[in-house]
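These are the residues of each chain, in order.
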Amino acid sequence: MPLVLEMEEENIPVTPCFSSEGINYMHIRHNNLYLLALSKRNSNAVEIILFLHRLAGVLIEYFKELEEESIRDNFVIIYELLDEMMDFGYPQTTESKILQEYITQESHKLEVIRPPVAVTNAVSWRSEGIRYRKNEVFLDVVESVNLLVNASGTVIRSEILGAVKMKCYLSGMPELRLGLNDKVMFENTGRANRGKSIEMEDVKFHQCVRLARFENDRTISFIPPDGEFELMSYRLSTPVKPLIWVEASVENHKGSRVEYVVKVKGQFKRRSTANNVEIYVHVPDDADSPKFRASVGSVVYAPEKSAFVWKIKQLGGAKEYLMRAHFGLPSVRNDEVDKRAPISVKFEIPYFTVSGIQVRYLKVVEKAGYSSLPWVRYITQNGDDYTLRTIADTKQSSIIAPL
Amino acid sequence: MSRAPPRKGENFELRAELNSEYRDRRADAIKRVIANMTVGKDVSGLFPDVLKNMQTDDLEQKKLVYLYLMNYAKTQPELVILAVNTFVKDTADFNPLVRALAIRTMSTLKAEKILTYLGEPLNRCLKDDNPYVRKTAALCVAKAFELKPELCVEWGFVEMLRDLVGDGNPMVVANAVTALMDIHEAAQSMPPSRPGSPTADGESPPPSATRPSPTLFIIDPPTLSKLLLALNECSEWGRIALLNALARYKAQDDKESEHICERVMPQFQHANAAVVLGAVKVIMIHMRNVGRQELVTQLIRKMAPPLVTLVSSAPEVQWVALRNINLLLQKRPDILANEMRVFFCKYNDPPYVKVEKLDIMVRLADHRNVDTLLGELREYASEVDVDFVRKAVKAIGQTAIKIESAAGRCVQLLLDLIQTRVSYVVQEGVVVIKDIFRKYPHSYEGIIPVLCANLDDLDEPEAKASLIWIIGEYAEKIENADELLGIFLESFKEEPYAVQLQTVTAIVKLFLKKPDGSQAIVQRVLQAATKDCDNPDVRDKAYVYWRLLSTDPAAAKAVVLSVKPPISLPQTTVSATVLDELLGEISSLASVYHKPAATFIGRGRYGAEDMAKRRQDDLEDNIQEKALQTVAQGQKAENLLDFDMDEPAAMADTSISASAFANAPSGSQSASVQQALAKNPLDELMDLFATNTLTAPTTTPMATSSPSPFGMASSPASALSAASITPAPVKPDAFSGLDDFGFGAAPSKPAPKTMNSSQNDDLLGLF
């Protein structure tokens, strides 16, 4: 297999699935590990690729770290897990919570372990008989903003990827119902809607949510798994204006030095604050001797990423800051084309969602009749693609070679 | 036990440990054995010693011993028999985990003998009280079926599986369906008799009777309602199996199809991408029968958001999803009409994702979003990944060809990019602009000087050939065309064949358009091509031109300067029937590769072995031929843009070119069609040659100056043979449209017919 891969790598980009001599190779990469599945048939590629991702997830839950060493140290348990997770090429149980109930690190005597009812239950994600002294639910509404700004400063693509994450510490088999300010639901029920309602474009639910029920009357009802899980995710492609605006100008004197001026602005309400803002600005690979001057925060050079990072612990709304950077360039010219990587930004804004989504209620019903209080937190952060192409050359050193 | 026990080394030590009186030492030894096995060391010699440790109450140890057995059962079938007793005992254990484990392992052992003992325990486990055991046993039937299909039917296991579809437990239902689907697939792909396989020996009655009928798993309306009911209850993986089964169901009427679509639709909201795509598949299949237009519209509308969401999953999942989306768009381009932005490449997307996104973006381009698209493509063209940049430039060209109103903007963008003088951008740009000229002839001639200015930067054959083609095509508009072509003539001998071919054609075009002043250069190129060139295509082409020019310049004009059909961007990359087949298999490997399953796995699940064997026997097979055709077709469709139809040699140059494939299977349909069509021009050629030989001494002044080329064509028969050896490359420009007839991939004009008559007139004139 490594031979095949190397061979492929030389000629064409390796795709996650390819076929060779009648055998199909499907693989994913996790850090420096390849997880590979083989098939001689026209298998369900999506299912298998997803299973490999799930497998990686379960192994991480078990060993904290998934790397060559943890595999070597734990091969016995990995065999056990594989045996339980996949049978005859068909995925079986992949819920790590449930697996942990009967496949454990320490070996047990036979009498102790039995297959948890949950494995085959309609509710395959929760075991019975869970007890908590204090019944609590924590809800985190996390919105990740993906956004792309072109060189002239207009937003050409933006989306909000939202997720409702839960930490559930409830006894027994509780029935939960979640109410959001979902526009479609308000319309369906004809309820007067106070304040803002939002229209989610695509909603995905954890397998515990009753999909048919949601389809009928937009009610999100479910029996939650125990502990931490992602209840739902949603997507909105309503236009978002950049919450954090960055622009940079570059003065490139090829063969001697390059200078940057970076401006950042918090374009959100004055009373909010963005935490842990990190701005990545790309510099030429061969830049050296960095000098920085920033009006706020700190700047570090990250040569391994060919970039410098401007870190600002707290950025207030409607505030604006400047920084300057200066690099030396080797006098021998690099003939390669400049890569013009966009500026990327990381940030977190607590107590705030861009979409305006709100949790209206979370009802918990359980036979024992206990009461529990949900805690809700909101946070907005950068997605994996919050980029701005707003790097302008102030002095264009001739890219076009003289004729 | 003929094998001598090891006397020293690690295995010897392990053997001692395995027989130790202390339990923990034995347990430890087993782990070491398995570790050795995992890294590929041969520990099969320890078989009997490991076997002794099978009866244990330590579950982990039991699992490891089972694992060892699974691995070595095939090589040590006699010894495995010793384990049967323990297995059978374990399948009756009080702990369901042990029962399931035992039956699961037992059915996995690839030993014929074990199988005969499997019947009774499997029967028991299928009826077990515990659903965990039942769901495990269900899959065991599929495993056993793979080894001994007759046995499964005989013992009534398949019947029992069908009963399990109505089980109260969703997981059991899911696995029963999975097993039945698996069995169904296996039965269908099973050849009538399997020679070489042990099942085919005397014991089995005539094949037609024993061979399990391909209808082992019939999904009837009662089953359907069971499936739909279980769909909302079972785990994510179970749902995938159920959706697969639903995709196979043949609806009785429109109403039922509608019902299925409505029931499946909520699955779009599932977090698991495979469930979503499974639902898409079911709906795409059953939507064909839905008559109510508003329901179809609703389904299409509901399908879009989940598909878009797939694009933000992990890169590998994303890629698989993108391949499927690409396929869906070929059938229904309207699904994601407003969603092009979603497919904008992210800076850190892996290359395979970016390429796929580019393709989809071009697919979704229309006159409303084209400006945004071009802005994006401009950005991509300045990235560092050479391959991606080239694809981006190519995408600009495709956009120009697709959207006429935006062609001007595309050309401008290409010019901007060419002016950056980045070598690979320039080269790709020239190739792409040639295609734009083919689509919109005489529209953007103003840019030709800019292209010519970059002549020195070109070093790739395709780019050079493209520029030469442009110069030849517009020779009358380019003042220094003879100079420019002269540059290529200088280095004629060193150039690749593709460039040589184009140079010959271009100079002939130049001569026909501007006869005065270019006589010398045409003479030189024909000399060089016929004398110094060792490629038959180039030589033959030059001969044909020479003959044409010397016989009848008017005919030459009609042939060489004929109007070519404009190219267009193909809607689909596969033929309509293949597309429908692939859409029925969404999320499978076939839909990811965009190839029917038969092309990459041969016959069913035994494909790999079959194909290996076939390669050995060097047998020609129908499937392979079909595969070649589809590949050729796909290639052709893709190549429409890459290759100019005028460049037969460029096509012949690339080993995987369409014409090469089409000609390879001589009996194949497309080839014969092409041959039949090619006949027409060949006849003509023969006519030409015939008249030529008759009249040569008097009508061709060139013939006297260099008689050698005519020596070969001195008799009509030999001329014909020379021409018919390589029909494709010899075809002069005017007949290039024939390629299109052969494949039906692009519209073409019936040029040869009309030409035929006009040329005959000319010939008559000669007489």
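The rules we used
- One numbering rule holds for all chains: residues counted from 1, following each sequence as written.
- Numbering of ligands from 1 and lettering of chains from A proceed in the order in which they are written.
- Reporting in this predicted model follows two pLDDT cut-offs: at least 70 for local features of residues, and 80 or more for side-chain atom pairs to be given and counted; totals over whole chains, interfaces and linings ignore these cut-offs and use all residues.
- UniProt positions are given in the numbering used here, feature names are shortened, and annotations may be inferred rather than shown by experiment.
- Per the convention used, a helix needs a DSSP run of H or I reaching at least four residues, while a strand needs a run of E reaching at least two, with both numbered from the N terminus.
- Counting other C-beta atoms within 10 Å of a residue's C-beta gives its exposure: the residue is buried at 20 or more, exposed at 12 or fewer, and partly exposed in between, where C-beta atoms are placed from the backbone.
- Contact between two residues is assigned whenever their backbone-derived C-beta positions fall within 7 Å.
- Nonpolar residues are Ala, Val, Leu, Ile, Met, Phe, Trp, Tyr, Cys and Pro. Charged residues are Asp, Glu, Lys and Arg, and all others, Gly as well, are polar.
- Here, a strand pair is defined by DSSP locating no fewer than two bridges between the strands.
- The axes used here are C-alpha line fits, helices contributing only the stretch in contact, and every angle between their N-to-C directions lies in the interval 0 to 180 degrees.
- An angle below 35 degrees is treated as roughly parallel, one above 145 as roughly antiparallel, one from 65 to 115 as roughly perpendicular, and anything else as oblique.
- Annotation comment: domain bounds sourced from an automatic or database domain assignment.
- In this scheme the handedness of a crossing depends on how the near helix is turned from the far one: anticlockwise by less than a right angle means left-handed, clockwise means right-handed.
- To count as a nonpolar core, a set of buried Ala, Val, Leu, Ile, Met, Phe, Trp, Tyr and Cys residues must be joined through C-beta atoms within 7 Å.
- A residue's pLDDT is the predictor's confidence in that residue, given on a scale from 0 to 100.
- For a helix, the expected span equals 1.5 Å multiplied by the residue count minus one.

The name given to chain B in an unreviewed UniProt entry is AP complex subunit beta, with Filobasidium floriforme as the source organism. Entered under Function (unreviewed entry) in the UniProt record, the comment concerning chain B runs "Adaptins are components of the adaptor complexes which link clathrin to receptors in coated vesicles. Clathrin-associated protein complexes are believed to interact with the cytoplasmic tails of membrane proteins, leading to their selection and concentration."

In the annotation of an unreviewed UniProt entry, the entry for chain A reads MHD domain-containing protein, and the organism field reads Filobasidium floriforme. Taken from UniProt, the Subcellular location (unreviewed entry) comment for chain A reads in full: "Endomembrane system".

Chemist: Before we go on, may I ask you to explain the overall build of chain B in this structure?
Modeler: From N to C terminus, chain B includes 44 helices and zero strands. Looking at the 767 residues of chain B, the share that counts as buried comes to 49%. Within chain B, contacts between residues separated by at least 24 positions form 70% of all contacts whose residues are at least 6 apart in sequence.

Chemist: Sorry, what's going on with the overall build of chain A here?
Modeler: Within chain A one finds eight helices and 22 strands. A buried classification covers 34% of the 403 residues belonging to chain A.

Chemist: Just to check I follow, could you spell out the interface of chain B and chain A for this structure?
Modeler: Reports often express the size of an interface as the amount of accessible area lost when the parts come together. The interface of chain B with chain A comprises 85 residues on the first partner and 72 residues on the second. When residues of the side of chain B that touches chain A are assigned to their parent elements, the largest contribution, seven residues, is made by helix α8 (residues 131-147) of chain B. Class assignment of the residues belonging to the side of chain B that touches chain A gives a composition of 45 nonpolar, 22 polar and 18 charged.

Chemist: What is the right way to look at the sheet that holds strand β3 (residues 33-39) of chain A in this model?
Modeler: The strands that make up a sheet are held in pairs by hydrogen bonds between backbone atoms, and each pair lies either parallel or antiparallel. Residue and element names in this part refer to chain A. On the basis of which strands lie adjacent, the open sheet formed by three strands has the order β1-β2-β3 and antiparallel pairing. Both edges of this open sheet fall to β1 (17-20) and β3, since each of them pairs with a single strand only. Mean inter-strand twist for the sheet, computed between neighbouring axes without regard to direction, equals 30°. Bridge analysis of β1 against strand β2 (residues 23-30) gives four bridges, and the strand direction is antiparallel. Pairing of serine 20 across the sheet is with isoleucine 23, part of β2. Sheet strands in contact with helix α2 (residues 45-63) are β1, β2 and β3, and its direction is about 35° off that of β2.

Chemist: Explain the pairing of β3 of chain A here, please?
Modeler: All names here are of chain A. Relative to β3, β2 runs antiparallel, the two sharing seven bridges. Looking at β3, one finds that asparagine 24 is bridged to serine 39. Hairpin geometry of β2 and β3 is characterised by an intervening segment of two residues between the two adjacent antiparallel strands and by a positive phi of about 50° at asparagine 31.

Chemist: Honestly, the packing of helix α29 (residues 536-551) of chain B against helix α30 (residues 553-560) of chain B in this entry has me stumped. Any pointers?
Modeler: Think of two packed helices as two axes; the pair is described by the angle between the axes and how far apart they sit. Residues and elements named next belong to chain B. Two elements in contact, α29 and α30, have axes whose closest approach is 5 Å; the angle formed by their N-to-C orientations is 135°. Classified by the angle between their axes, α29 and α30 sit oblique to one another. Where α29 approaches α30, its residues Leu548, Leu549 and Thr551 are matched on the opposing element by Pro553, Ala555, Ala556 and Val559. Classifying every residue of the contact of α29 with α30 gives six nonpolar, one polar and no charged.

Chemist: Just checking my understanding: could you explain the pairing of strand β12 (residues 244-253) of chain A for this structure?
Modeler: Taken residue by residue, a regular strand's side chains alternate between the two faces of the sheet. Residue and element names in this part refer to chain A. Bridge analysis of β12 against strand β13 (residues 257-266) gives ten bridges, and the strand direction is antiparallel. The residue of β13 that forms the bridge with glutamate 247 is lysine 263. Count of turn residues in the β12/β13 antiparallel hairpin: three residues, of which glycine 255 carries a positive phi of about 90°.

Chemist: How do you make sense of the sheet that holds strand β10 (residues 220-222) of chain A when you look at a structure like this?
Modeler: Residue and element names in this part refer to chain A. Strand order in the open sheet formed by three strands is β10-β8-β20, with antiparallel pairing between adjacent strands. Strands at the two margins of the open sheet, each flanked by one partner only, are β10 and β20 (359-365). If you compare each strand with its neighbour and ignore which way they point, the axes differ by 15° on average. With six bridges connecting them, strand β8 (residues 175-180) and β20 associate as antiparallel partners.

Chemist: Looking at this structure, I do not really get the domain arrangement of chain A. What am I missing?
Modeler: All names here are of chain A. Along its sequence, chain A is carved into domain 1 (2-116), domain 2 (136-240 + 354-387) and domain 3 (244-350). Opposite the six residues of domain 2 that make contact, domain 3 presents nine residues. Class assignment for the residues of the side of domain 2 that touches domain 3 results in two nonpolar, four polar and no charged.

Chemist: Mind showing me how you'd approach the packing of helix α18 (residues 315-331) of chain B against helix α31 (residues 576-583) of chain B here?
Modeler: Residue and element names in this part refer to chain B. At a minimum axis distance of 10 Å, the contact between α18 and α31 shows a crossing angle of 130°. Overall, the two elements α18 and α31 adopt an arrangement that is oblique. Note on packing geometry: the crossing formed by α18 with α31 is left-handed. Counted together, Leu327, Gln330 and Lys331 of α18 and Leu579, Leu582 and Leu583 of α31 form the full contact between these two elements. Looking at side-chain class alone, the contact of α18 with α31 contains four nonpolar, one polar and one charged residues.

Chemist: I tried to follow unusual backbone geometry on my own but got confused; where do I start?
Modeler: Glycine aside, residues mostly have negative phi angles, and peptide bonds mostly take the trans form. One non-glycine residue, arginine 218 of chain A, lies in positive phi territory at about 60°. Classification of arginine 218 of chain A as partly exposed rests on a count of 18 C-beta atoms within 10 Å. One non-glycine residue with positive phi stands out, namely histidine 442 of chain B, at about 65°. With respect to the secondary-structure elements, histidine 442 of chain B resides in the loop between α23 (423-439) and α24 (448-453).

Chemist: How should I be thinking about the nonpolar core in this particular structure?
Modeler: Counting residues in hydrophobic clusters, the biggest one holds 290 residues, and the most contacted among them are Val141, Val177, Leu242 and Ile396 of chain B. Beyond its immediate stretch of four places on either side in the chain, valine 177 of chain B contacts Val165, Leu227, Ala241, Leu242 and Ala245 of chain B.

Chemist: When you look at the domain arrangement of chain B in this model, what are you seeing that I'm missing?
Modeler: All names here are of chain B. Here chain B is partitioned into domain 1 (311-364) and domain 2 (371-440). Taken together, the contact pairs nine residues of domain 1 with twelve residues of domain 2. A per-class count over the side of domain 1 that touches domain 2 returns eight nonpolar, no polar and one charged.

Chemist: Where do I start with the confidence of the model for chain B in this structure?
Modeler: One rule of thumb: low pLDDT means the predicted coordinates there are not for detailed reading. All names here are of chain B. Mean pLDDT for chain B: 75, with 74% of residues reaching 70 or above. Ignoring residues within four places in sequence, the model shows residues 193-212, a span with pLDDT below 50, making 18 contacts including any to other chains. Across the whole predicted complex the pTM is 0.77, and at the interface the ipTM reaches 0.79.

Chemist: I tried to follow α23 of chain B on my own but got confused; where do I start?
Modeler: The end-to-end C-alpha separation of α23 of chain B is 25 Å, in line with the 24 Å expected for 17 residues at 1.5 Å each. Within α23 of chain B, 14 of the 17 residues are buried, leaving the element largely enclosed by the surrounding structure.

Chemist: Honestly, the environment of leucine 161 of chain A in this entry has me stumped. Any pointers?
Modeler: Residue position: leucine 161 of chain A is located in strand β7 (residues 155-169). With 133 residues separating them along the chain, leucine 161 of chain A and isoleucine 28 of chain A place their C-alpha atoms 23 Å apart. In contact with leucine 161 of chain A, not counting residues within four places along its chain, are Ser144, Asn146, Ser233, Arg235 and Gly383 of chain A together with Ser312 of chain B.

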